[in-house]
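Listed below, chain by chain, are the residues.
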Amino acid sequence: MQIQSIKVHVGRGVGKSNQLFSHLQREFRTMKTLSRPLSDSKIGGIISIKYLSMVCLAVFLAGCSASGSNTAAPDAQATPVLIQLELVSIAGLHAVNPYRGYEWREDALADEAIPLNFRTSSYPFRKPAADSQMDSRYMPSRKGLETLYVSGSAQPSLSGFGGLIQAIRKESKGPIYVVDLRQESHGFFNGTAVSWYGERDWSNINLSHQQVLLDEENRFAASLNQMRAVAPLLADKTAGKANLVHVAEVSSEERVVKAQGAHYFRITATDHVWPSAENIDRFIGFYKTLPPDAWLHFHCEAGKGRTTEFMAIYDIMRNPKVSLKDVLYRQYLLGGNYVAYSGDGSSNWKNPYYRQKAEMIQLFYRYVQANRSSRFTTPWSKWLAAPL
């Protein structure tokens, strides 16, 4: 097992903190196959190195130009720097995902009337939590929300899909599109929403969009008329003690959504991290096909991280004259997460990814301002890869 070459890419994007460099160093110590993506886009300024022990030094040198505060305000114009490590070639090694799935997990209560964390753009604002890093005195604008036609939630059950489509139809004026943001292989056993679970919900990390769909199709086909151990969903999104279930019926989410008379669109986004450039390009392409009165319902597993990120991305694209601060505040106050949250300063593994999202949403806002007049002719990935 020999790593022959690694590339370090420097350009627009996240980075600029010693904490992130330290985090990458810790990750490499425990993940010798380099099977996880550490960032999102392939950017120029390439440095090749031959030994794993050189990675952190290369990252440090590549990031020397990235100075400045890690806690910039959402509308700040500072240009952060992205450090990307890309595996170029491996001799005699099939990459192994250390977070690979190992059991089926229930994702929603079978008898729910409507999925957890359901909200629409017409909902009233809630009060911010004390630890949200938000100014509780600031009230964002609602400009454009009444015509945004958007909602979000956790993974719906079979009954939950019926409930949310019924709720949306009370407000919608046009076609309904369910945007499934989950990278995890998921669907329904006997009408119960389940997914193939691995730590951090990263069972399919590094798989392409088509590979995820194939894995999902194969796993559900292989489970039909079989006994499967299915674990309940715990409050922290982990799996509890499994029970054996005879799988008499399987169904894909696409089939369930279309049976409700809605459209279905899939983006295989990795949980906890900023969406890949490929996934954002895919969403922008989808956005261009939508009729003006389309209603978009986004969901991930819990209805917080990925769901709020894409609701904010959509809000920015539909309402480019609204400030980024207002977009992020109002998407939180409607019931989502605060995308500009930068972590709690601890060694929690999620903190570098919070900072990544807080910085990348700034860049996406700038991308929209620069490209909305051309209707996003320049893809996000190409704009992100442009020289600094």
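A. Molecular detail of the sheet that holds strand S6 (residues 150-153). Pairing is mixed in the open sheet, where five strands are placed in the order S5-S6-S14-S7-S13. Of all strands in the sheet, those bounded by a partner on one side alone are strand S5 (119-120) and strand S13 (263-269). As paired strands, S6 and strand S14 (residues 295-299) are joined by four bridges and run parallel to one another. In the sheet register, serine 151 faces S14, and the bridge partner there is histidine 297. The strands touched by helix H6 (residues 277-288) within the sheet are strand S7 (176-182), S13 and S14, with S13 carrying the most contacts at an inclination of about 160 degrees.

B. Representation of the nonpolar core in the model. Membership of the largest hydrophobic core comes to 52 residues, with the highest contact counts inside it found for Phe283, Leu296, Phe298, Phe364 and Trp380. Contributions of two or more residues to this core are made by S7, S13, H6, S14, helix H7 (305-318), helix H8 (324-333), helix H9 (351-371) and helix H10 (380-385). Ignoring any residue separated from it by four or fewer positions in sequence, one finds leucine 296 in contact with Tyr149, Val150, Ser151, Tyr177, Val179, Phe283, Phe286, Leu290 and Tyr314. Of all hydrophobic cores here, the second largest spans 17 residues; its members include Phe118, Ala167, Phe188 and Trp295.

C. Focus on the sheet that holds strand S4 (residues 103-106). The strand order across the open sheet formed by six strands is S11-S10-S4-S9-S8-S12, and the pairing between neighbours is mixed. Here the strands that pair on one side only, and so sit at the sheet edges, are strand S11 (243-246) and strand S12 (250-251). Two elements, strand S8 (residues 186-189) and S12, share two bridges in a ladder whose sense is antiparallel. Bridging across to S12, phenylalanine 189 finds its partner in valine 250.

Cut-offs used in this document
Residues numbered from 1 in each chain as written. Predicted model: local features only at pLDDT ≥ 70, side-chain atom pairs only at ≥ 80, totals over all residues. Heavy atoms only, no water. Pairing = 2+ DSSP bridges. Helix = DSSP H or I, 4+ residues; strand = E, 2+ residues; numbered from the N terminus. Contact = heavy atoms within 4.5 Å. Axes fitted to C-alpha atoms, helices over the stretch in contact; angles between N-to-C directions. Core = buried A, V, L, I, M, F, W, Y, C linked by side-chain atoms within 4.5 Å. Buried < 20%, exposed > 50% of the residue type's maximum accessible area, 1.4 Å probe, protein only.

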